[in-house]
Amino acid sequence: MSTPKPSAENPVKFRKLKLTAPKTTAAGIPAVISALHHIWNEMSLARGMKALAALNQKEGYDCPGCAWPDPSHRSKIAEYCENGAKAIAEEATEKVLFAPFFSTNSLTQLSQLDDYDLGKKGRIGEPLYKPSGADHYQAISWSEAYQTIARHLHALPHPDEAVFYTSGRTSNEAAFLYQLFVREFGTNNLPDCSNMCHESSGVALSESLGIGKGSVTLEDFQHTELILILGQNPGTNHPRMLTALQQAKRKGAKIIAINPLKEAGLMGFRNPQTVEGVLALNEDLADLYLQIRIGTDMALIQWICALLFQKEQYGEQVADQAFIQEKTKGFEAWANHIQQLDIASLQAITGLHEEEVSQAADLIAGSNRIIACWAMGLTQQVQAVDTIREVVNLLLYKGSIGKPGAGTCPVRGHSNVQGDRTMGIYEKPSAAFLQSLEQQFGFIPPGKYGYDVVESIYAMEKGEVGVFMAMGGNFLSATPDTARTAAALQRCKLTVQISTKLNRSHLITGEEALILPVLARSDQDVVNGKVQFISCENSMGIVHASKGILAPLSKQLKSEPVLVAELAQAVLGSKSKVNWAHLATHYDHIRDAIESCIPGFSEYNKRVREPGGFALPNGPREGIFTNTAQKALFQVAKLQLSPPEPGQLVMMTIRSHDQFNTTLYGLHDRYRGIFNERRVLMINQADIDALGFQAGDKVNLIGQEFGTRREAKGFILVPYDIPQGNCASYFPEANVLVPLEKTARKSNTPVSKHVLITLEPFQEVVEV
Ligand code: SF4
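Residues numbered from 1 in each chain as written. Predicted model: local features only at pLDDT ≥ 70, side-chain atom pairs only at ≥ 80, totals over all residues. Heavy atoms only, no water.

Quick look at the overall build of the protein chain
The helix and strand inventory of the protein chain stands at 30 helices and 32 strands. For the protein chain, the C-alpha radius of gyration of 25 Å lies close to 27 Å, the compact-globule estimate for 768 residues. With the C-alpha coordinates of the protein chain rotated into their principal frame, the extents come out at 75 × 70 × 55 Å. Going through the 768 residues of the protein chain one by one, you find that 64% of them count as buried. Sequence-distant contacts in the protein chain: of pairs separated by 6 or more residues, those separated by 24 or more amount to 80%. When the accessible surface of the protein chain is summed, it comes to about 26,900 Å², and 54% of that surface belongs to carbon and sulfur atoms. (Helix = DSSP H or I, 4+ residues; strand = E, 2+ residues; numbered from the N terminus. Rg over C-alpha atoms; globule rule 2.2 N^0.38 Å. Buried < 20%, exposed > 50% of the residue type's maximum accessible area, 1.4 Å probe, protein only. Contact = heavy atoms within 4.5 Å. Areas by Shrake-Rupley, 256 points an atom, 1.4 Å probe, with all protein chains shown as cover.)

With respect to the site of the ligand
Taken together, Asn56, Cys63, Cys66, Tyr80, Cys81, Gly84, Pro239 and Arg240 make up the full set of residues adjacent to the ligand. Class assignment for the residues of the shell around the ligand results in 5 nonpolar, 2 polar and 1 charged. (Near = heavy atom within 4 Å. Nonpolar A, V, L, I, M, F, W, Y, C, P; charged D, E, K, R; others polar.)

Details of the pairing of strand β9 (residues 254–258)
With 4 of its 5 residues buried, β9 lies for the most part within the structure. In terms of strand pairing, strand β8 (residues 226–230) meets β9 through 5 bridges, oriented parallel. Bridge pairing in β9 places Leu228 opposite Ile256. Across 3 bridges, β9 lies against strand β11 (residues 288–290) in parallel orientation. (Pairing = 2+ DSSP bridges.)

A few points about the domain arrangement of the protein chain
The assigned domain composition of the protein chain is domain 1 (95–188 + 418–609), domain 2 (199–410) and domain 3 (649–761). Counting residues at the interface gives 27 residues for domain 2, matched by 29 residues for domain 3. Contact with domain 3 buries surface across domain 2, with Leu261, Ile294 and Val382 losing the most and accounting together for 31% of the total. Applying the counting criterion to the domain 2 and domain 3 interface returns 2 salt bridges. On inspection of domain 2 and its partner domain 3, the count reaches 10 residue pairs in polar contact (both at pLDDT 80 or more). Sorting the residues of the side of domain 2 that touches domain 3 by element identifies α9 (199–209), α10 (234–237), α19 (376–379) and α20 (384–397) as the ones contributing at least two each. Considering each element in turn, the side of domain 2 that touches domain 3 owes the most residues, 4 residues, to α9. (Domains from an automatic or database assignment. Buried area = accessible area lost by both parts, 1.4 Å probe. Salt bridge = Lys/Arg side-chain N within 4 Å of Asp/Glu carboxyl O. Polar contact = N/O pair within 3.5 Å; in protein donor to acceptor, adjacent residues only side chain to side chain.)

So, the sheet that holds strand β30 (residues 710–719)
The strand order around the closed barrel formed by 6 strands is β24-β31-β28-β30-β29-β32, and the pairing between neighbours is mixed. Strand-to-strand twist in this sheet, taken as the mean axis angle between neighbours without regard to direction, amounts to 45°. (Axes fitted to C-alpha atoms, helices over the stretch in contact; angles between N-to-C directions.)

Structural notes on the packing of aromatic side chains
Scanning the entire structure with this criterion turns up 22 aromatic pairs. An angle of 45° between the planes, with centres 5.8 Å apart, marks the rings of Trp142 and Tyr146 as tilted. Linking Trp142 with Tyr146, this pair stays in helix α7 (residues 142–154), spanning 4 residues, or about one helical turn. In terms of burial, Trp142 and Tyr146 fall into one category: buried. (Phe/Tyr/Trp six-rings, centres within 6.5 Å; stacked < 30°, edge-to-face > 60°.)

Some remarks on the pattern of salt bridges
Tallied over the full model, the rule gives 49 salt bridges. As a salt-bridge pair, Glu537 and Lys213 come within 2.9 Å of each other at their nearest N and O atoms. On the criterion of sequence distance, the pair formed by Glu537 in strand β20 (residues 534–537) and Lys213 in the loop between α9 and β8 is long-range, its members being 324 residues apart. Owing to a relative accessible area of 0%, Glu537 belongs among the buried residues under this scheme. Lys213 gets classed as buried once you look at its relative accessible area, which sits at 18%. Arg484 is paired through a salt bridge with Asp481; the nearest N and O atoms lie 3.7 Å apart. One connected set of salt bridges, linked through shared partners, spans Glu42, Glu90, Lys95, Lys120 and Lys501.

Things to note about the pairing of strand β17 (residues 512–517)
Moving residue by residue along a regular strand, the side chains alternate between the two faces of the sheet. By the criterion of burial, β17 is predominantly enclosed, with 6 of the 6 residues buried. Here β17 shows no split at all, with Glu512, Leu514 and Leu516 on one side and Ala513, Ile515 and Pro517 on the other all buried. Relative to β17, strand β5 (residues 128–130) is paired through 3 bridges, and the arrangement is antiparallel. Its bridge partner lying in β17, Leu128 is registered against Ile515.

Considering α9
Side chains three or four residues apart in an α-helix point the same way, a direct result of the helix having 3.6 residues per turn. Across the 11 residues that make up α9, a large majority, 9, are buried. Among the residues making up α9, those that are buried are Glu199, Ser200, Ser201, Gly202, Val203, Ala204, Leu205, Ser208 and Leu209. On its buried face, α9 is in contact with β13 (370–374), α19, α20, β14 (407–410), α21 (417–422) and β23 (632–633). At the exit of α9 stands Gly210, carrying a positive phi of roughly 100°.

A look at unusual backbone geometry
That bond from Phe731 to Pro732 is cis: its omega, 10°, falls within 30 degrees of zero. Relative to the assigned elements, Pro732 resides in the loop between β31 (726–730) and β32 (755–761). Despite not being glycine, Asp481 shows a phi value in the positive range, around 50°. Locating Asp481 in the fold gives a position in the loop between α24 (475–478) and α25 (482–489). By relative accessible area, Asp481 is classed as buried at 4%.

Comments concerning the nonpolar core
Formed by 64 residues in total, the largest nonpolar core has its most connected members in Ile149, Leu153, Phe164, Phe176, Phe181 and Trp580. When residues no more than four places from it in sequence are discounted, the contact partners of Trp580 are Leu177, Leu180, Phe181, Glu184, Ala565, Ala568, Gln569 and Leu572. Counting residues in each nonpolar core, the second largest holds 53 residues, with Ala319, Phe331, Ile370 and Phe625 among its members. (Core = buried A, V, L, I, M, F, W, Y, C linked by side-chain atoms within 4.5 Å.)

Section: the side chain of Arg672
Along the chain, Arg672 falls in the loop between β26 (663–664) and β27 (674–675). Residue classification places Arg672 among the buried positions, given a relative accessible area of 4%. Polar contacts involving the side chain of Arg672 include one to the side chain of Glu263, which spans 2.7 Å. For Arg672, the residues in contact, after removing those within four places along its chain, are Thr20, Pro22, Asn233, Leu261, Glu263, Ile654, Arg655, Ser656, Met682, Tyr720 and Tyr730.

Points about the environment of Gly696
Within the secondary structure, Gly696 is located in the loop between α30 (685–690) and β29 (698–703). Classification of Gly696 by relative accessible area gives partly exposed; the value is 43%.

So, the sheet that holds strand β21 (residues 542–546)
Reading across the sheet, the 3 strands line up as β20-β21-β22 and stay open at both edges, with antiparallel pairing between neighbours. Where the open sheet ends on each side, the last strands, each with one partner, are β20 and β22 (614–615). With 2 bridges connecting them, β21 and β22 associate as antiparallel partners. Following the sheet pairing, Val543 is matched in β22 by Phe614. Strands β20 and β21 of the sheet are contacted by helix α8 (residues 172–185), whose axis makes an angle of about 90° with β20.

Dropping the structure here:
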């Protein structure tokens, strides 16, 4: 009789699903009520109001949610959105877990909770250790924890048998020290959550424009004529973006939304900080909504470009010839390619009507200041890099880069994911960066590229990784192919999670496991009696300070920078060339080191103290392109789509409105009218009928790609306005279906937005 083991997947447990009509407008007073409700549920009103009052304020701390920038003029009432408040409710909760909780709750028992109930258990209050063969965590001192890690790392035949993952909440200071420690230890195995989100943007933009970041600033939304929003749901994932869209609209800009789902935050906005918003007066957003089939954005952009060339042939002036001549390369090849495309087949692929796409072409032809915004709907596709390059081609054709009101805007989903990459958290470091580390610190960092996220899982699966460490995040639940990733993690000798809150990655461990609890963004961070601040880089390349203000709820918590410095000393010992103790005494020392190694950070300590911080250099923003061509590059991309087999559906994994990455704030998806249940599949009624099911039926979702059967049991069919043949379900529950082998070309980003599935009836397990 086998001993029960912790479950990597959420148990199949149905709640009382309630459905209402989806919303057509986002935010409003309901958002305020929801925000306060979440705060109220997690802490005292005094602590809650103190936390909210400092959120995103210049003397306060940066929201640990998404990376949407703060305006120069901060609202004194509330410079945050509903989901920002939920993020604070989550991390500033007064529920704290210590060893006694874990002595009565085994890993196996805890894994029977779903991710919502698990996350609601609270913060981790002290360092915890799971010995080999044990099913319970126990208390451990910090020094013993460091010694345990040192013992395992020194026992490895080669530093490349250790993997050091980073989640996007990690500050610049912690990220810089973490990569420095890992490189002095001897490996570039620095996968990060960017590998799973905007890596495709980084690859495409670096090739086309010379920098892997967006070129626009928040100010550009005040000067733009047209905003394209592709594969993004800002109402839930970047809510304060709606204010920028509202302001742009009020200045006459138009918006084209391109998304398989009709998302409330793309259709309308009630800004609760305006009279109209409080009075629930609608403010429409999208002027044109293209409800495209999943993963066909490239076909649409090519179709639009073909129509624009047709307009040119009829004598209309569409292209910015001066910009093309002066600033770009490769136009002819691209123009020839586009004009040879068969528009009818592009139409068939997208499922859109000619009239609506012609309307889009008219709007684009008539605009010279265009901003293109995008997110995971583009980046987590097989041809993600090509699609983003095609979006850039369109902007170059219109001369819409390097001037006010125009440019690229990949909207980052995690507060400092861009900053971490800038700090050197990257498995493919540049030679120049490694050289600067050698010059500054006197050790020779490894040159061989490391593993990204997917490669790390393959290596663990092959038993080639002895130690896995994660700085924040929830690696197991965020990654694809959950069952495989779980088995891979369990092959490690030691797994270390540096965390604030309990999550499923704490339950699926190596032979031995450690949880090291750290301060959260809102916690006050005092080192040597001095209150410290950290810094982050938002989606538009602005580096700004963040100073926590809440009293930590446990004296055993450490800040990430101090933890990394102490761990490095314990592991590297006297052999280290880095003065870790000095760096950890005051974060100004860390910033001085960053200034000496990374371009764009001159006078870092002075400029980061200026209200609002400072902008990092961004060539394309100035119309300067530092790629190999020293010109903005038109690139030809051939569409290669593999249509689903009969009976197969194309599924995309999405977030609910009560969710941030794998953190579940609640069980509702208010805008989509889905309440109190996450095991749902949003599917077109015509597909439900065609597949012989009824609305409300419980089914299993089956994937068969790459010769492996993957099963996600127990999902309720919810009829939804989504193109036929397409469907959507929430992650992390559906991540078990995302094949590890299915990644975006060139960026190796898991393709979570195009998973081929079939449905099978679900057999209710009758408890006897
Ligand atoms: S928009 Fe993003 S960064 Fe701003 S408050 Fe909301 S979640 Fe936080």
